[in-house]
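Summary of structural features
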Amino acid sequence: QVQLVESGGGLVQAGGSLRLSCAASGSISSINDMGWYRQAPGKQRELVASISRNGRTNYADSVKGRFTVSRDNLKRSTYLQMNNLKPEDTAVYYCNAKIAVISTLLDYWGQGTQVTVSS
């Protein structure tokens, strides 16, 4: 049993900021990558940002320079600081964790949190 609980979404004007949080709980031996995906109406779910256990990060081109992903391994948490938000950032944001089970990585997902950026 693994649960990912997200918080921090909301409504913000263009140019504003939000900080998303995600905490993992349950029977977890090791969490590899953690990160954030988003899905906007009419679009496929896409990777926004990810971070490895040792801090290696990866960002979608559309958010580079505006978003920062981080994690706290002791708290089993990941965070997404979103600055200079744009209307095109509007989406449901999902926390993701890749968890090692023997030699296999399994994906776990949060429930999603709505981010709406008004123009």
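**Description of the nonpolar core**
- In terms of nonpolar packing, the biggest core is built from 30 residues, with Trp 36, Val 48, Phe 67, Leu 80, Met 82 and Tyr 93 touching the most fellow members.
- If you list the elements that add at least two residues to this core, you get strand E1 (2-7), strand E3 (18-26), strand E4 (31-39), strand E5 (46-51), strand E7 (67-72), strand E8 (77-82), strand E9 (91-101) and strand E11 (113-118).
- With 5 residues, the top contributor of residues to this core is E9.
- Not counting residues within four places of it along the chain, the set of residues in contact with Met 82 comprises Gly 16, Ser 17, Leu 18, Leu 20, Arg 66, Phe 67, Tyr 93 and Val 115.

**Notes on the side chain of Ser 50**
- On the secondary structure map, Ser 50 appears in strand E5.
- Classification of Ser 50 by relative accessible area gives buried; the value is 13%.
- Here Ser 50 is in contact with Met 34, Gly 35, Arg 56, Thr 57, Asn 58 and Val 69, once residues within four sequence places are set aside.

**Notes on the sheet that holds E1**
- The antiparallel open sheet is built from 4 strands, whose spatial order is E1-E3-E8-E7. Strand pairing shows two members of the sheet lacking a second neighbour, E1 and E7, which therefore form its edges. Across this sheet, the average inter-strand angle for adjacent strands is 15 degrees, counted without regard to direction.

Basis of the calculations
- Residues numbered from 1 in each chain as written.
- Predicted model: local features only at pLDDT ≥ 70, side-chain atom pairs only at ≥ 80, totals over all residues.
- Heavy atoms only, no water.
- Core = buried A, V, L, I, M, F, W, Y, C linked by side-chain atoms within 4.5 Å.
- Buried < 20%, exposed > 50% of the residue type's maximum accessible area, 1.4 Å probe, protein only.
- Helix = DSSP H or I, 4+ residues; strand = E, 2+ residues; numbered from the N terminus.
- Contact = heavy atoms within 4.5 Å.
- Pairing = 2+ DSSP bridges.
- Axes fitted to C-alpha atoms, helices over the stretch in contact; angles between N-to-C directions.

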